[in-house]
Amino acid sequence: MNILTLNHEFPPIGGGAAPVTLHLARHLVQLGHEVDVVTMHFGNLPRQEMIEGVRVYRVPALRRRPDLCRIHEMASYLIGARFFLSGLLKQKQYHLIHAHFIIPAGPLGVQVKNKTGCPLVITMHGSDVPGYNPDRFRFAHKCLLPVWKRLVHQVDQLVSPSGHLKELVCRWCPTASVRIIPNGFDENRFDSGVPKRPQILACSRILPRKGFQYLVEAAKELPSEWEIHIAGDGPYLPTLKKQAEKSGVNIHFHGWLSPNDPLLKQLYESSWIFVFPSEEENFPTVLLEALGAGCAIITTSAGGCPEVAGSAALYVKPRDAQELKEALLRLIADESLRCELSQKARRRIEHFSWRGVARQYAELFEQMVNAAAEKRRQGPAG
C-alpha cells in the first residue's frame, strides 16, 4: 500500500518521535509498502531525498533549533505542508494517512482524509495530549482543548506507545479508539563488545520535568572516579549548569547530539549506568537506547518508564534526590547487580524489535484500508 506519513520532526531534527518515524517508515518499506514522508525543512537539508527507500519531502517552515520546535514554528509547518500537499495529491494516490502527533499534524491529516477518503491513523507521542508536559504546553493545551477533542473524534484510529498515555487520552475522550503499539528499536545499533567504564549517562531534552536537577543533587556524594555525562539541550540547561557549578559537581555537558552522532553512540556503549529521573513520560526512546546499549538503568516509576524498562531497571520516586543517590551508590558498589541489569536490558530490548513493531502497524493499516474499502462498497445507505 502507499502510505503518506506526516510529522513536523524527522531526522536529523527533532526529539524521540523523529527516529521513531524514520525507523517505522523504513521497516514498512522492507515489508513491501511505499512510504512518503512530508516534514519541515531546516537549515541546509535537501528539500527531497530518498532515505533507505523512504521518500522524504521537506516543506518550507520556520524553525530556529534542531532540538526544539515552538508552537508558531509548528503552525508554519502546517501552512507549508498544506500548499505542498495540494500539488502532491494531484500526482499520487495514497491508501492511508499516518500522522505523528495529534497537534500539529492532526489538522493536516484530517484535511487530506476529507479530500482523498483515505483512513487516518495518528500515533501520539505525549506532548500532543492535554495534561502531558505541562511545563511547556499547559497554556497551549488549555487553549487548544476544544480543537483537540474535535480532532480525536475525526481520527479513524489513534495509536499510543504506552498504556499510560492511552489512559490520559481516555480521561478527556472516553470513547476514543486507541490501540497500543510500542515504539521499536534497532537492536543492532550498539556494539555489545565495548567495555563498560565507571561512567554515568543521562540523555534527554533538558526540561525541569526530566528531573536532571535531582541527578545533580544526588551526584554530590558519589565517588570521584565515576564520570557523569549529560547529553541534551533545552531551556533548563543554563539553570542545570549553574546548579552543577554551585554544588561543585564535575559534570560533562555535551549539549544536543544528533541520534547519528558517534559521540552519543560511544557514550551509551561505554557507560555502566544510565539515569533517567523524569517526572512524566510516555514511552521514552532514551530508555530503549539504554536497554539496547546494555546499561544498568535507574529511572522513576512515573508514566510509561516501567512499561519500557520492565525488570531491567531500579526504580525511584520522582523528585527524590535522596532515593536516587541511594540507588546510584548501590549500583556503583555492586558490580554483579550492574551485570545482572545489563543482561536483562539486552534481553528486554528484543521485545521492541522494529521488525515486529512494523508488522503490528502494517496489520493495523491493512485493517483500516480494508474497512474503508468495505464502507465505500456499501455506499451511503449501507
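Everything below is about the structure printed above this text.
Since the structure is predicted, the reported quantities are computational estimates derived from the model, not experimental observations. (Residues numbered from 1 in each chain as written. Predicted model: local features only at pLDDT ≥ 70, side-chain atom pairs only at ≥ 80, totals over all residues. Heavy atoms only, no water.)

For the rest of this paragraph, the subject is the overall build of the protein. Broken down by element type, the protein carries 13 helices and 14 strands. The C-alpha atoms of the protein give 21 Å as radius of gyration, which agrees with the globular expectation for 382 residues (21 Å, within 12%). By its C-alpha atoms, the protein is 70 × 45 × 40 Å across when sized along the principal axes. Counting the 382 residues in the protein, one finds 57% classified as buried. Taking the contacts inside the protein whose residues are at least 6 apart along the sequence as the reference set, 67% of them involve residues at least 24 apart. Here the protein displays about 16300 Å² of accessible surface, and carbon together with sulfur accounts for 51% of that area. Taking the 46 positively charged and 37 negatively charged side chains of the protein as two groups, their mean positions are separated by 7 Å. (Helix = DSSP H or I, 4+ residues; strand = E, 2+ residues; numbered from the N terminus. Rg over C-alpha atoms; globule rule 2.2 N^0.38 Å. Buried < 20%, exposed > 50% of the residue type's maximum accessible area, 1.4 Å probe, protein only. Contact = heavy atoms within 4.5 Å. Areas by Shrake-Rupley, 256 points an atom, 1.4 Å probe, with all protein chains shown as cover. Lys, Arg positive; Asp, Glu negative; His and termini not counted. Charge placed at Lys NZ, Arg CZ, Asp CG, Glu CD.)

This part covers the nonpolar core. If you look at the biggest cluster of nonpolar residues, it comprises 42 residues, and the most contacted ones within it are Leu6, Val38, Leu85 and Leu158. Per element, the largest residue contribution to this core is six residues, and it comes from helix α2 (residues 71-91). Those residues within four positions of Val38 in sequence are excluded, and the remaining contacts are Leu4, Thr5, Leu6, Asn7, Tyr57, Val59, Tyr77, Ala81, Phe84, Leu85 and Leu88. (Core = buried A, V, L, I, M, F, W, Y, C linked by side-chain atoms within 4.5 Å.)

Taking 1.5 Å of rise per residue, twelve residues should cover 16 Å, and helix α3 (residues 105-116) covers 16 Å from first to last C-alpha, within 8% of that figure. Along α3, the positions that sit buried rather than exposed are Ala105, Gly106, Leu108, Gly109, Val110, Val112 and Lys113. (Expected span 1.5 Å × (residues − 1).)

Here we take up the environment of Leu291. Along the chain, Leu291 falls in helix α9 (residues 285-292). The sequence separation of Leu291 and Lys90 amounts to 201 residues, and the corresponding C-alpha distance is 44 Å. Setting aside its immediate chain neighbours within four residues, Leu291 contacts Ile297, Val308, Ala309, Ala312, Ala345, Arg346, Arg348, Ile349 and Phe352.

This part takes up the layout of surface pockets. Counted as a void, the second largest pocket has a volume near 370 Å³. If you trace the second largest pocket, you find 21 residues lining it, with Pro19, His23, Arg189, Pro259 and Asn260 closest to the centre. Elements supplying a minimum of two residues to the lining of the second largest pocket: α1 (17-30), α8 (262-270) and α9. Top contributing element to the lining of the second largest pocket by residue count: α1, with five residues. For the lining of the second largest pocket, the class distribution of residues is ten nonpolar, four polar and seven charged. (1 Å grid on protein atoms, 1.4 Å probe; cavity = no way out; pocket = protein on both sides within 12 Å on 5 of 7 lines; lining within 4 Å. Points joined across faces, edges and corners; volume = space filled by probe spheres on them. Nonpolar A, V, L, I, M, F, W, Y, C, P; charged D, E, K, R; others polar.)

On to unusual backbone geometry. With an omega dihedral of 15°, the bond running from Pro11 to Pro12 counts as a cis peptide bond. The residue Pro12 is located in the loop between β1 (2-6) and α1 in this model. In the Ramachandran plot, Phe101 falls in the positive-phi region, its phi being about 80° despite a non-glycine side chain. Looking at the secondary structure, you find Phe101 in the loop between β5 (96-100) and α3.

We now examine the sheet that holds strand β13 (residues 296-300). Read from one edge of the open sheet, six strands run β11-β10-β9-β12-β13-β14, paired in parallel fashion. Each edge of the open sheet carries a strand with a single partner, namely β11 (251-255) and β14 (313-316). Pairs of neighbouring strands in the sheet enclose a mean axial angle of 20°, with direction left out of account. Both β13 and β14 contribute to a ladder of four bridges, which runs parallel. Residue pairing across strands places Ile297 opposite Ala313, the latter belonging to β14. (Pairing = 2+ DSSP bridges. Axes fitted to C-alpha atoms, helices over the stretch in contact; angles between N-to-C directions.)

What follows concerns the side chain of Gln199. One can find Gln199 in strand β9 (residues 197-203). In contact with Gln199, not counting residues within four places along its chain, are Trp226, Glu227, His229, Leu267, Ser270, Ser271, Trp272 and Ile273.

Okay, the packing of helix α11 (residues 321-333) against helix α12 (residues 335-348) next. Look at α11 against α12: their axes get within 5 Å of each other, and the N-to-C directions meet at 100°. Here α11 is positioned roughly perpendicular relative to α12, judged by the angle of their axes. On α12, the residues touching Arg330, Leu331, Ile332 and Ala333 of α11 are Glu335, Leu337, Arg338 and Leu341. (Parallel < 35°, antiparallel > 145°, perpendicular 65-115°, else oblique.)

Keep in mind that these numbers describe shape and distance, not what the molecule does.
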